[in-house]
Each structure stands twice: as C-alpha cells, then as structure tokens.
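# Coordinate inspection notes
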Amino acid sequence: MLTAQTVAAYNAAREPQADRSVLCHAPFVSLNFDQSGRVTACCYNRLFVIGTYPEQSVGEIWRGAQARALRQAFLEEAEAPGCDLCFHQLGSGNFASVLMRNFDRHSVGAPAPALDVAAPRVLEFEISNTCNLECVMCSGHWSSSIRANREKLPPLKSPYDRAFAGQLEEFLPALAAARFLGGEPFLIERYYEIWTAIRRRNPQARLSITTNATVLPGRARELLEDLRADIVVSLDGISAATYERVREGARFDTVMENLDYFVDYTRRRGTVTTLAVCPMTYNWKELPALQEFAQRRSLGLYFNTVLRPVEASLAGLPLGELAEVIGHLERAGPGAGAPPAHREQWDGLLSQLRAWQGEKREEARLCAEMAARVRAYAVPRAAAEAAAAGDGLLLPLVAALRIETERAAAASPGELRDVHLRMPPGTWSGEGAPRVRDVVLALHALCRYLDAEEGQAAARAGTAVAEEQARLRESLDDLDGAAGDGRAERLEELGRWMRARVEAGEGLALVNWMRRLVGVFEGDLGLALDFGGEMRRRLARRLGGARAAPDAEARAQVAGYFETLLREQMAQLLLSADGEPSAPEGDGAARPPIRDGRDLARVLEAMYLFHSCARPSADHARFRRRLDSCLDSVEATGHTAVACRMLESADLSRSYGYLVSAPEDWLLSAIEALD
C-alpha cells in the first residue's frame, strides 16, 4: 500500500487544475476494450474486469456493479484491485510515466467523482492484435505476426462485430478523448468503422493513435484529415540497425517518411506527435540520441516501462550492468534547453531504474545474510564440506530459492517481484560450474537449515544432519567410482539438471528434490537414480511404449494445485463402504497405513474418487486396471518400499494431476518428474 508521503508527493506533482479527491480518475471517466471482449478501466489494469462484450452491452458494462465497485475503492481510498503497476511506479517515484496521471486532464470541468457517472469521457481500444511486425519485446497477444510465425498458434477470434461501433454511438457526443492501440491501428478494420462514427457524431473529440508508422493507407489519411488526432509513434532506436533489430519486419527509412507526414499533419490540426520509446537492454545507449531527435523535431517524448520478457527489461539486469545504464543516462541526459516534459520523462526513468537498483541491492544483502546463516548452521553439524565451498556455491542456491519463492508468493502476474529477481546468465556455466558433489552437499545443508527455520529442528538434530551428510558422501563416492552401468552418466545428467534449475531461478524445485532424496531414498543417490531409470524402462514396456511428458504449463498447474491441496488432505483420503470419502475425525484422521503396493493402490484410488466425486464406474474400472498394471511394475522392480515412502511423504501428490488428465501415463510422468 502507498504511504501517505508518497501520495502527498504525487498529488503535488499533478497538474494544478486536476481534481485530487481521488488518486486515479480512470474508473470514473474511462473504458478500455481488449481483444477478448473484456472491458477494464484502463490498459494497465488487466485483472479487474468490469464487463465483457458482447455478453453485456457497452451501456450495461459502464453502469454495472463491477464498474461501481472499482469506483467505490478509489472513493474510499481503499486498495484498488489490479492497480499494481501504477502503485509500483508511484512507490518508485516515477510520477512522470505513471498512467493514472493521464486521466487527470479529464477531471477538469467534469462532475465530481461518484459511483454513478452518465457517460465515459475516454474510450480506449485494444481490440485486435493485427500487426505486421514481430518486435522483440512483444508477444502474440499483441502481434498476429508473432502469434503465427514465432508462436505457431492460430489467429485470435475477435468478439467485436459490426454492432459494436453502433453501441458506442450513444457515448460519442460526450466523448473527450479516444485512444487506439494495436496491434497496428491502421491495419484494423473495426477502427475505421469507429473513426467514421466519430467523424459523423463528434469530430472535435481528441483522438490518440499509437502506430508503428510502417503503414499509412490512403483511406487512413483521408479520415485523419477530418479528425483531431494525436499521433504516437513507437520508435525504439535512432539508428536503422538498432531500430530494425528491435522491431523485426520494419524498415527504418519508411518509418522516417511516415513520421514526416505525421509531424506535418499534427501541426496543421493543432495536435501533437509523440515518440513512445521502450527503454530496454537492446537500446539504452541510444536513449540520449532519441531524446535529442525528439527535441530537434519538436516532438513529445514518453518512456514506456518494459518488464517482460525479462531479457529485454532493464529491471532484469545484474546490479553492475544496471549501474552502468544509470551512470550513462545520468551523464548524457537532456541539456538545459530541453522541454520540461522531456526532462520530467528522463527523471522518471532514472527514478525507476534507481528503485530497481535499490531492490536488487536489498535482495543481494538478504541472500548474503541467508548464506551466512546456512554456513553457521552447517559447520557445527559436521557438514563443513558443504559450507567450505563458499559463496560461489551457496549464494546462487540461496538466490534461486528466493527467486522461486517470491514468484510463488506473487498474488497475480501484475505483481512485479518476479521481474527484477533474475539469475545472471551463465551463473554456473563453463569452467566455473561446480561439481555435482559440491552442489548436492551444499543443497542438503540449505535444505536442513530451512527445516530448522520452519520449526523442524527437533527432527533434524546435529547428529541426524551429520549422518545424512555421511550417507550422501558415501553415495557420491560410490557413484564417482561407478563405471559401465550408466549411473555415472546419470549423475552428470543430474548435475546438468541442477545447474539448469539454478540458471532458471528455480531453487524451490531443488530443495524439494533434496527433501525427496533424503526422505524417500534415505540419502541413497544411487538408489534414486536407479529407481527412476529402471522404472521408466519397465513401465514403458508394460504400458506400451514411452509417452511424451505433459507440457510445462500442465506441469505448473498440477504442481501448484496439488502441492497446496493434497499435501493437506492426503491423510484424510479414506473411503467409506459406499465409495464416498469419509469425513475426518477429530482434529484430523491419521495417515492411512501404506505398507505395500496394495495399500498404495487403495490410497491412490481414494484420491481418484475423492477428487472426481464419482462412484465406481466404467471409467473407474479402466483406471483400476491401469493402476494394477503400474503397481505390478512397481513390485517387479523391487521398489515398492520406495514408492510407499514417496506417498507417505506426499511427494506423489503431483502424480494425481497426471492421473486425472492422462490416466495412461500418470505414473510414468511422475517418474520423469522425479529424475
């Protein structure tokens, strides 16, 4: 939540005539239409949907309960849902680029903010992804070319029919401003229908069209001459090489020719041409030249905030590189004759970068403190070998753990904690990559430190930690000397997997793997590697060949759901006589005994019935046959005890997701995930 000091500072920076009774006027003056038909108050708030077209008419959406609820939040100075990005920018002191400020001008001369407002004064349109470019920072959601060529996906279907422009007509007489974004607006057919309606009903309304300036059809010029439009040209480089690298498919000389027309047009119509720039890792060195170009041509300047993809975002740079960017922009900022608006944008960008720098410094401090605590915990427990590896080993593990933990804690994709938290590329690559042995032992020390922090210290006393480390060292010694049986190769595969998890900032996955290794396989790394490989081979034969594992999105959904749900409910999954799950008794039923493959089958079957809410049926019978086949394979490998320990530790909870979505290969997929 914003502090009173931040709110006061922002209010002081707002236009003098702006109504300051609410922090943002968007819910009281604006409607934003996106490609799927969802309607929100602005283009930043994607999460709080106030209506959907064509399920509701435009009038029903504006006057509906969701729109009134968002207005109520701002009237009561409560936390407004979905407004994370603007609040983050305000907290960073980036008042110049915060979107909510753009709506202040529409409060001037308007009725005071209230729950019920007669008509919107601002309409924003992002109703199509039709676009001819494949910009590096964009996605198929905003570009039909990326969706078709890069993502290999079918075209998006638009919900906006010919009736849409007609429904807007009742609001056009009161319209003060309308924004048209893409895709590329001059390639979107529905926009021509809306522009025609505005030309007929309210040609004095102030339009804003954000274009990549690569196309300018004759009919677009014809309509523009009868309208009052500000033109926003997306320009991310002042050299052809940089620009064309960022905006794939564009020709810099064509953009410059069309920019000349827009500059001439806006001067004749009394409107403004503005450059919208995305400061990124690819173009930050050209930002001073872009500002000078805008100043020389008397153009407006606006800096977008780029957060994704992380490799394009300045927020994702390591501390040293981010400091270099800040230093360059501080030295090469606008000169004394620059327009105040340019200086304000520049200062806002620097404020944002410094805020990210501060967040990274704080994160580095927290990681260093945690690594020191892990070392202090490990050494007295005869885990000195893990601690002796130094910060080059522990710090990346701690950082990767914190990154994944922060991402998991984010309430929504709109939260920004997962953006600036990024492992530097090449953290554990090349000659600096640590040995698998060192990673395993350090990870064990980290895992047991976390257990102690979570109140499990009694179960992990110093002697127990030392014994576990000894078993791990013995197991690693055996694998180091193994030859000819494939285990040494699988150990190297494990090392590559662990390094990849660190590079990806997936430390939680590593910690959970270590807990499974110690809790299920009792620290016997050789057994764990044998179990996965042998089980895969046997199950592949038994189930009719290897099957493709679920895609990454399916795995993420399964993990998220079952880690939280089944870990809590597993002990209560007991069947009553009629096939329905029985209610837990007292404060929680005891965990069902799991002694052999048949017990394993019974509990898994209980899970199946509990979550499908189904009585035994033909589907259930088919599942039972598949389960029997899988369990026969488990017993044939001699690893029933391991499988039972897996279930007892709730680590097979993820497999239930595969069981529901693809019963044929659920156990095979679970074993793939285990390795």
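Residues numbered from 1 in each chain as written. Predicted model: local features only at pLDDT ≥ 70, side-chain atom pairs only at ≥ 80, totals over all residues. Heavy atoms only, no water.

## Comments concerning the overall build of the chain
Threshold: Secondary structure follows DSSP: runs of H or I at least 4 residues long count as helices, runs of E at least 2 residues long count as strands, and numbering of each begins at the N terminus. The buried label applies to any residue whose accessible area, calculated with a 1.4 Å probe on protein chains only, is under 20% of its type's maximum; exposed applies above 50%, and partly exposed to all values in between. Throughout, a contact is declared for two residues whenever any of their heavy atoms are within 4.5 Å. The method behind every accessible area is Shrake-Rupley, applied with a 1.4 Å probe, and residues are considered shielded solely by the protein chains displayed.
Assigned secondary structure in the chain consists of 28 helices and 11 strands. Sorting the 675 residues of the chain into buried and exposed places 50% on the buried side. Restricting to contacts in the chain with at least 6 residues of sequence separation, those with at least 24 account for 72%. Within the structure as shown, the chain displays about 28900 Å² of accessible surface, and the carbon and sulfur contribution to it stands at 51%.

## As for the nonpolar core
Side chains of nonpolar character tend, in soluble globular proteins, to be buried together. Applicable threshold: Side-chain atoms within 4.5 Å link the members of a nonpolar core, which is a set of buried Ala, Val, Leu, Ile, Met, Phe, Trp, Tyr and Cys residues.
If you look at the biggest cluster of nonpolar residues, it comprises 114 residues, and the most contacted ones within it are F33, F125, F180, F186, W195 and L275. In terms of residue count, the dominant contributor to this core is helix 11 (residues 252–269) (8 residues). With 42 residues, the next largest nonpolar core counts L397, A445, L476 and L517 among its residues.

## What to know about helix 1 (residues 4–13)
Cut-off, in case you're wondering: Directions are taken from the helix axis to each C-beta atom, and the arc is the one they span.
Residues T6, Y10 and N11 constitute the buried set of helix 1. End-on view of helix 1: buried residues confined to an arc of 130 degrees, all on one side of the axis. Exposed and facing more than 90 degrees away from the buried side of helix 1 are A4, Q5 and A12. In this fold, the buried residues of helix 1 make contact with helix 5 (84–91).

## Looking at the side chain of E193
To be explicit about the condition: Two N or O atoms form a polar contact when they lie within 3.5 Å of each other; inside protein one atom must be a possible hydrogen donor and the other a possible acceptor, and for residues adjacent in sequence the pair counts only when both atoms belong to side chains.
By the secondary structure assignment, E193 is in helix 8 (residues 189–201). Given the relative accessible area of 17%, E193 is considered buried. One polar contact links E193 to R190, side chain to side chain, over a distance of 2.7 Å. Leaving out residues up to four positions away in the same chain, E193 has contacts with R162 and A165.

## Points about unusual backbone geometry
Cis geometry marks the peptide bond from Y53 to P54, where omega comes out at 5 degrees. The backbone of K152 sits at a positive phi, close to 55 degrees, despite the residue not being glycine. Along the polypeptide, K152 turns up in the loop between helix 6 (144–149) and helix 7 (163–168). Residue class for K152 comes out exposed when judged on its relative accessible area of 65%. The phi torsion at S298 lies on the positive side, around 60 degrees, for a residue other than glycine.

## Here's the deal with the packing of aromatic side chains
Applicable threshold: The pairing test for Phe, Tyr and Trp rings, Trp by its six-membered ring, is centres within 6.5 Å, and the orientation test on the planes gives stacked under 30 degrees, edge-to-face over 60, and tilted for anything in between. Consider the ring centre and the ring normal. A charge sits over the ring if Lys NZ or Arg CZ is within 6 Å of that centre and within 35 degrees of that normal.
Enumeration according to the criterion identifies 19 aromatic pairs in this entry. Here the aromatic rings of F186 and W195 are separated by 5.8 Å at their centres, their planes lie at 50 degrees, and the arrangement is tilted. Positioned above the aromatic ring of Y192, the side-chain terminus of R219 is 3.7 Å from the ring centre.

## Concerning the confidence of the model for the chain
Worth spelling out the cut-off: pLDDT is a residue-level measure of predictor confidence that goes from 0 to 100.
Mean pLDDT over the chain works out to 77, with 70% of the residues at or above the 70 mark. A low-confidence stretch, residues 608–617 stays under pLDDT 50, and its non-local contacts, those more than four residues away or across chains, total 22 contacts. Under a pLDDT of 50 for its full length, residues 646–675 has, in the predicted model, 87 contacts with residues more than four places off or in other chains.

## Re the sheet that holds strand 8 (residues 228–234)
Rules: Strand pairing requires that DSSP identify at least two bridges connecting the strands.
Read across the open sheet, the 9 strands follow the order 3-2-1-4-6-7-8-10-11; overall the sheet is mixed. Pairing within the sheet leaves two strands with one partner each, and these edge strands are strand 3 (51–52) and strand 11 (300–303). The pairing of strand 8 with strand 10 (residues 273–277) spans 4 bridges and is parallel. What sits directly across from V232, in strand 10, is T274.

## Quick notes on the environment of E468
By the element assignment, E468 lies in helix 19 (residues 462–481). Along the backbone, E468 and H444 are 24 residues apart, and their C-alpha atoms lie at a distance of 8.6 Å. Side-chain polar atoms of E468 contact the side chain of R448, separated by 3.0 Å.

## With respect to the packing of helix 13 (residues 319–331) against helix 14 (residues 340–378)
As a reminder, the rule being used: Only the stretch in contact is used when fitting a helix axis, every axis being a line fitted to C-alpha atoms; angles between N-to-C directions are given from 0 to 180 degrees. To sort the angles, those under 35 degrees are grouped as roughly parallel, those over 145 as roughly antiparallel, those from 65 to 115 as roughly perpendicular, and the leftovers as oblique. Two helices crossing with the near one rotated counterclockwise from the far one by less than a right angle form a left-handed crossing, whereas a clockwise rotation gives a right-handed crossing. By the convention adopted, Pro, Cys, Tyr, Trp, Phe, Met, Ile, Leu, Val and Ala count as nonpolar, Lys, Arg, Asp and Glu as charged, and the other residues, Gly among them, as polar.
Where helix 13 contacts helix 14, the two axes come as close as 10 Å, and the packing angle between them is 155 degrees. When the axis of helix 13 is compared with that of helix 14, the two are roughly antiparallel. The hand of the helix 13/helix 14 crossing is left-handed. Contacts from L319, L322, A323, V325, I326, L329 and E330 in helix 13 reach W346, L349, L350, L353, R354, W356, Q357, K360, R361 and A364 in helix 14. Taken together, the residues of the contact of helix 13 with helix 14 sort by class into 12 nonpolar, 1 polar and 4 charged.

## Details of helix 12 (residues 287–296)
Taken as a whole, helix 12 has its buried residues at L287, P288, L290, Q291, F293 and A294. On its buried face, helix 12 is in contact with helix 11, strand 10, strand 11, helix 13 and helix 14. Phi turns positive, to about 60 degrees, at S298, one or two residues after helix 12.

## Points about the pattern of salt bridges
Operational definition: We define a salt bridge as a contact between a side-chain nitrogen of Lys or Arg and a carboxyl oxygen of Asp or Glu at a distance within 4 Å.
Summed over the entire model, instances satisfying the criterion amount to 28 salt bridges. For E344, the salt bridge identified is with R101, shortest N-O distance 2.8 Å. A residue pair is termed long-range when its members are at least 10 positions apart, and E344 in helix 14 and R101 in the loop between helix 5 and strand 4 (122–125) qualify at 243 residues. Two residues, R365 and E369, come together in a salt bridge whose shortest N-O distance is 2.5 Å. With a gap of 4 residues between them, R365 and E369 both fall in helix 14, about one helical turn apart.

## Some words on a negative patch on the surface
Condition: Patch definition: residues with relative accessible area over 30% and no salt bridge; like charges joined within 9 Å; nonpolar side chains (Val, Leu, Ile, Met, Phe, Trp, Tyr) joined within 5 Å. Charged-residue counts in this description rest on Lys and Arg as positive and Asp and Glu as negative, His and the chain ends being excluded. To locate a charge, take atom NZ for lysine, CZ for arginine, CG for aspartate or CD for glutamate.
Where like charges cluster on the molecular surface, the negative patch consists of E474, D478, E522 and D524. Locating D478 in the fold gives a position in helix 19.

## As for the pairing of strand 8
Cut-off, in case you're wondering: With its strands directed away from the observer, a crossover is right-handed exactly when the path from the first strand over the helix to the second travels clockwise.
The buried count for strand 8 comes to 6 of 7 residues, which makes it a mostly enclosed element. Bridging between strand 7 (residues 206–211) and strand 8 involves 6 bridges; their strand directions are parallel. Each residue of the ladder has a partner; that of R206, found in strand 8, is R228. The handedness of the strand 7 to strand 8 crossover, carried by helix 9 (residues 218–224), is right-handed.

## Focus: the pairing of strand 10
Buried residues dominate strand 10, accounting for 5 of its 5 residues. Residues T273, L275 and V277 point to one face of strand 10 and T274 and A276 to the other, with burial holding for every one of them. Looking at chain direction, strand 10 and strand 11 are connected through 4 bridges and run parallel. Following the sheet pairing, V277 is matched in strand 11 by F303. In this fold, the crossover linking strand 10 to strand 11 by way of helix 12 has right-handed handedness.

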